[in-house]
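# Summary of the model geometry
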Amino acid sequence: MSSRDEILESIRASLPRLDRPLPDVPLFDANPPASLLQTFKENLERMGGMFLDPPASGDLLAPVRTKIAGAHVVCSTVPEIAGNRDIAEITAPQGLADVDFAIVRASCGVAETGSVLLTESDLRINAIAYLAQHLIVLLDPADIVVNIHHAYRRPEFRSGHYAAFHTGPSATADIEGVLIHGAQGVRSLSVLPVGRA
Amino acid sequence: MSTGPKQSHDNGLHPELLPPDDPDAIYHNGHRLDHAEGVSRPMRSKPEPQPRGARVHGNRPIDQAEAAGRFIAAPEHEKMHDERLWDLRQKRDREMHGIEEWEELRSLASAIKEHTLTHLDQYLEQFEANARANGIHVHWARDAAEHNRIVHGILRDHGAKSLIKSKSMLTEECGFRPYMASVGIEVVETDLGERIQQLDNEDPSHVVVPAVHKLRTDVAQVFARTIGADPNNSDVHYLAEAQREANRPLILAADAGMTGANFVVAETGTFVVCTNEGNADLSANVPKLHIASIGIEKIIPRLEHLAVFVRLLSRSALGSPMTQYTSHFRGPRQGGEMHVVLTDNGRSARLGLAEFWTSLKCIRCGACMNTCPVYRRSGGLSYGATYSGPIGLIIDPTFNAHKYSNLPFASSLNGSCTNVCPVKINIHEQIYAWRRELVKRHEVPFVKKAAMKAAGELLSRPAAYRAAIAAADFALAHLPRFVAYNGLNAWGRHRENPHPPKQTFHSWHHANRGGKQ
């Protein structure tokens, strides 16, 4: 007998003969916050992320330009801002090892936790979101959902092969609880609220 | 990011007791950040040699109390460990109070897991079919040896000689790293804490924070010895950066990547990996080949159920609203290859244990460890087993009831573990049930057993119990030390016997309230 069949047979022999119905899960959205964007911002900052407030000038992309000024390698997957490393020409993730700033757009955001959802189509090459030193994420405020329950109703979880919630930057406190940003992945995560082009 | 130090005073301490500034901390808008596993208050310790874990002698029962004694004898380690884990517990409470539906989420999580476990065969088959349809290679391993052989086979087929991996308790169960070393494959752990433990040739001491028992000075010594860091620099930011710089080239050059899985969703064929460092995403997304080791109990039916667990996991584990990264893998990326190894290793047998099957609900958050007074003061390595703390007491004996026969006694049965468990496992009741089970199987030493038997007889006869209590109080007050503190009195080995009361409760009650009976 194959290991598969042996394991399944062993499970069937052991199954507790108990009636345990599967519960439906509510959406827990009875009391949404007044502003999803404001709640998103507060929770993102609690998780070590940065929220790029729209400047008074009205030039929404100005905070991003300020951030990447002086950076050697910028790789962008969004039409709003050009980088100097064309991701279409990268054949292996290792070709992104020297990227200083990556700029991508999120599929959606989650107010409850300050998370952004990045999928393989947002990233083009998944590793860009981890190998870059810093990550800048564009997020359409209209794409923010109230909580994790709503987020899991998004189609991205049923269609693509890869989807990751990023909630702040790479972090660790494995040594005496001292918080470090940039444990293995990005040292900073900034979110710019800007509608889809 | 630092905008000037200002303490947030929501940890219950008076502000004047806190130092004005913590040079290690990160502040934002005047608030100390304590997300991920970050501490909410400064924690300072002095250098001290690191106490090591339990002494393992083949199959002989682990002497947890002996190893715990050595941990307690290292006061700097004990204090930091105790305070650090209690801080995680307090952060967990803060998150719990922030969510109105917390108790409802716990009930849902428990019900979802119990339903899935009582239909485990069906959901595993559903996952397998969906994962295969998405292009994932699905393997099944009955035990640790088969798991290791399968993974080795996949690596051999690809000519892979180096593997980067994220933390996985299942691979710890399987003795995966020693096996890979024996077949000439270089394994690099990419989680900072797990890497520290790998470089120090020690097991993880905690399921979520593997090096929590070490001081920064201990880590500095390990890194000086292994990655060429400055032995005299124990600044935590320096140590973390040194490790990042040392690991990055290994990540870029690796032939294959490996992760575990926190959850598996049957309806979509997805597995989910949660980390704070993003190291699982590096391990999965940089090399072409991704292998995931998954225990068969990780499965849940649908995405709507996943939401419940994602909301509970990091809040229970670390008091952080979410792990920094929660990553969903549903198939290989373009040009890549993905394998999952569904591993039993004793789980299907555990499912058949009427008193213990619900331990399979565990999501490995570590909340029971953080709250346990025994664990906090004895360190995870004192258990000498893959799983430590309260959950370890009820899982380890299923692997080896003889070797881990002492562990269920490393508990005061206070029930705090049960109260914080996000999936409502009745941990302390199972600990007690294991004690009974081990006596039945003759795995309890004679002295402990004789004492328990005598106690059982006494407790079943009220008059004899009352007489015995009065006699014991008299004895405690009058016996010479060498009689009261001998080798048979485990209690008295590390502490004083309690002061005997002047009067038993029963005689007090009889004298004061006796007339009302």
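In this text, all values refer to a predicted model and were calculated from it rather than measured experimentally.

Across its full length, chain A holds seven helices and 11 strands. Along the first, second and third principal axes, the C-alpha atoms of chain A reach 65 × 45 × 40 Å. Here chain A holds 197 residues, and the buried ones make up 60% of them. Look at the contacts in chain A between residues 6 or more apart in sequence, and 71% of them connect residues 24 or more apart. As displayed, chain A has an accessible area near 7,500 Å², and 51% of this comes from carbon and sulfur atoms.

Moving on: helix H1 (residues 3-14) of chain A. Between its first and last C-alpha atoms H1 of chain A spans 16 Å; for 12 residues at 1.5 Å apiece the expected length is 16 Å, and the two agree. Within H1 of chain A, the full set of buried residues consists of Ser3, Ile7, Leu8, Ile11 and Ser14 of chain A. Mapping the buried residues of H1 of chain A onto a view down its axis gives an arc of 130°, with all of them on the same face. Turning to H1 of chain A, the residues buried within the fold contact helix H4 (120-133), strand S3 (137-141), helix H5 (144-157), strand S12 (337-343) and helix H13 (347-351) of chain B.

As a further point, take the sheet that holds strand S2 (residues 74-76) of chain A. Residue and element names in this part refer to chain A. A sheet is described by the order of its strands in space; here five strands give the open sequence S1-S11-S6-S3-S2, paired in parallel fashion. Whereas interior strands pair on both sides, the edge strands pair on one side only; in this sheet they are strand S1 (50-51) and S2. Taken together, the three bridges between S2 and strand S3 (residues 101-105) define a ladder with parallel strand orientation. If you follow Val74 over to S3, its bridge partner there is Phe101.

Let's shift gears to the nonpolar core. The biggest cluster of nonpolar side chains holds 77 residues, and the ones touching the most others in it are Tyr152 of chain A together with Leu306, Val308 and Phe309 of chain B. Residue contributions to this core peak at 10 residues, all from helix H12 (residues 303-318) of chain B. Listed in part, the 70 residues of the second largest apolar core include Val116 and Leu139 of chain A together with Val264 and Phe271 of chain B.

Another point: the domain arrangement of chain B. Taken domain by domain, chain B comprises domain 1 (102-351) and domain 2 (458-512). Distance from the C-alpha centre of domain 1 of chain B to the C-alpha centre of domain 2 of chain B: 50 Å.

All names here are of chain B. Burial of the side chains of strand S6 (residues 256-259) extends over both faces: Ala256 and Met258 are buried on one face and Gly257 and Thr259 on the other. Sheet topology note: the strand S4 (residues 162-165)/S6 ladder contains three bridges and is parallel. Within the sheet, the bridge partner assigned to Lys165 lies in S6 and is Met258. Here S6 runs beside strand S9 (residues 289-295); their pairing, made up of four bridges, is parallel. When the sheet's bridge partners are listed, Thr259 is paired in S9 with Ala292.

What follows concerns the packing of aromatic side chains. Think of a pair of aromatic rings as described by two things: how far the centres are apart, and how the planes are tilted against each other in angle. Residue and element names in this part refer to chain A. Summed over the entire model, instances satisfying the criterion amount to nine aromatic pairs over all chains. Both rings, one in Tyr152 and one in Phe157, keep their centres 4.8 Å apart while their planes meet at 55°; by these two values the pair is tilted. In terms of burial, Tyr152 and Phe157 fall into one category: buried. On the numbers, 5.7 Å between centres and 80° between planes, the contact of Tyr152 with Phe165 is edge-to-face.

Taken as a whole, this structure holds 55 salt bridges over all chains when the rule is applied. Of the charged contacts, one joins Asp24 of chain A and Arg302 of chain B as a salt bridge, the two residues approaching to 3.8 Å between their closest N and O atoms. Residue Asp24 of chain A is found in the loop between H1 and helix H2 (36-46), and its partner Arg302 of chain B is found in the loop between strand S10 (299-300) and H12; the two belong to separate chains. On the accessibility criterion, Asp24 of chain A (60% relative accessible area) is exposed. On the accessibility criterion, Arg302 of chain B (28% relative accessible area) is partly exposed. A salt bridge links Arg347 of chain B to Glu173 of chain B, with the nearest nitrogen and oxygen atoms 2.8 Å apart. Highlighted residues: Arg347 of chain B in helix H13 and Glu173 of chain B in helix H6 (residues 169-173), separated in sequence by 174 residues.

Residues and elements named next belong to chain B. Contact geometry for helix H16 (residues 389-399) and helix H18 (residues 427-440): axes closest at 9 Å, N-to-C directions at 40°. As the angle between them shows, H16 and H18 are arranged oblique. The two elements H16 and H18 meet at a crossing, and its hand is left-handed. On H18, the residues touching Pro390, Ile391, Leu393, Ile394, Pro397 and Thr398 of H16 are Ile427, Gln430, Ile431 and Trp434. Classifying every residue of the contact of H16 with H18 gives eight nonpolar, two polar and no charged.

Where the residue is not glycine, phi is negative for most of them; where a peptide bond is considered, it is trans in most cases. Phi is positive for Arg124 of chain A, close to 70°, though the residue is something other than glycine. Looking at the element boundaries, Arg124 of chain A is found in the loop between helix H4 (120-123) and helix H5 (128-131). At Asn29 of chain B, a residue that is not glycine, the phi angle is positive and equals roughly 50°. The topology assignment puts Asn29 of chain B in the loop between strand S1 (27-28) and strand S2 (31-32).

Conventions adopted
- Residues numbered from 1 in each chain as written.
- Chains lettered and ligands numbered in written order.
- Predicted model: local features only at pLDDT ≥ 70, side-chain atom pairs only at ≥ 80, totals over all residues.
- Heavy atoms only, no water.
- Helix = DSSP H or I, 4+ residues; strand = E, 2+ residues; numbered from the N terminus.
- Buried < 20%, exposed > 50% of the residue type's maximum accessible area, 1.4 Å probe, protein only.
- Contact = heavy atoms within 4.5 Å.
- Areas by Shrake-Rupley, 256 points an atom, 1.4 Å probe, with all protein chains shown as cover.
- Expected span 1.5 Å × (residues − 1).
- Arc of directions from axis to C-beta.
- Pairing = 2+ DSSP bridges.
- Core = buried A, V, L, I, M, F, W, Y, C linked by side-chain atoms within 4.5 Å.
- Domains from an automatic or database assignment.
- Phe/Tyr/Trp six-rings, centres within 6.5 Å; stacked < 30°, edge-to-face > 60°.
- Salt bridge = Lys/Arg side-chain N within 4 Å of Asp/Glu carboxyl O.
- Axes fitted to C-alpha atoms, helices over the stretch in contact; angles between N-to-C directions.
- Parallel < 35°, antiparallel > 145°, perpendicular 65-115°, else oblique.
- Left-handed = near helix turned anticlockwise from the far one by under 90°.
- Nonpolar A, V, L, I, M, F, W, Y, C, P; charged D, E, K, R; others polar.

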